[in-house]
Amino acid sequence: MDRTVAEIEVELDELQESYLDAEDDMEQMQIERRFSRCLQEATDLDGIDRIAAGITITNWVRES
């Protein structure tokens, strides 16, 4: 089942919140990897390369 960009953005929001609440570096690294995979999934859907644009888990903000 393919997800929409909106669904991926919800997960990105959740991952960012989890990252901020994470208690150790290993947990943060795992969350960052999942975040990067979600960014790539969104890029595959709409062609907007968020990674090349410098989007990271610490500066992610969903556009309204």
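Residues numbered from 1 in each chain as written. Predicted model: local features only at pLDDT ≥ 70, side-chain atom pairs only at ≥ 80, totals over all residues. Heavy atoms only, no water.

**Student:** Sorry, what's going on with helix α2 (residues 25-46) here?
**Tutor:** Here α2 spans 31 Å end to end across 22 residues, near enough to the 32 Å set by a 1.5 Å rise per residue. Along α2, the positions that sit buried rather than exposed are I31, F35, C38, L39, A42 and T43. Each buried residue of α2 lies within a common arc of 140° when the element is viewed along its axis, so the set occupies one face. Exposed and oriented more than 90 degrees from the buried face of α2 are M26, R37 and D44. Where α2 is buried, its residues touch α1 (5-21). (Helix = DSSP H or I, 4+ residues; strand = E, 2+ residues; numbered from the N terminus. Expected span 1.5 Å × (residues − 1). Buried < 20%, exposed > 50% of the residue type's maximum accessible area, 1.4 Å probe, protein only. Arc of directions from axis to C-beta. Contact = heavy atoms within 4.5 Å.)

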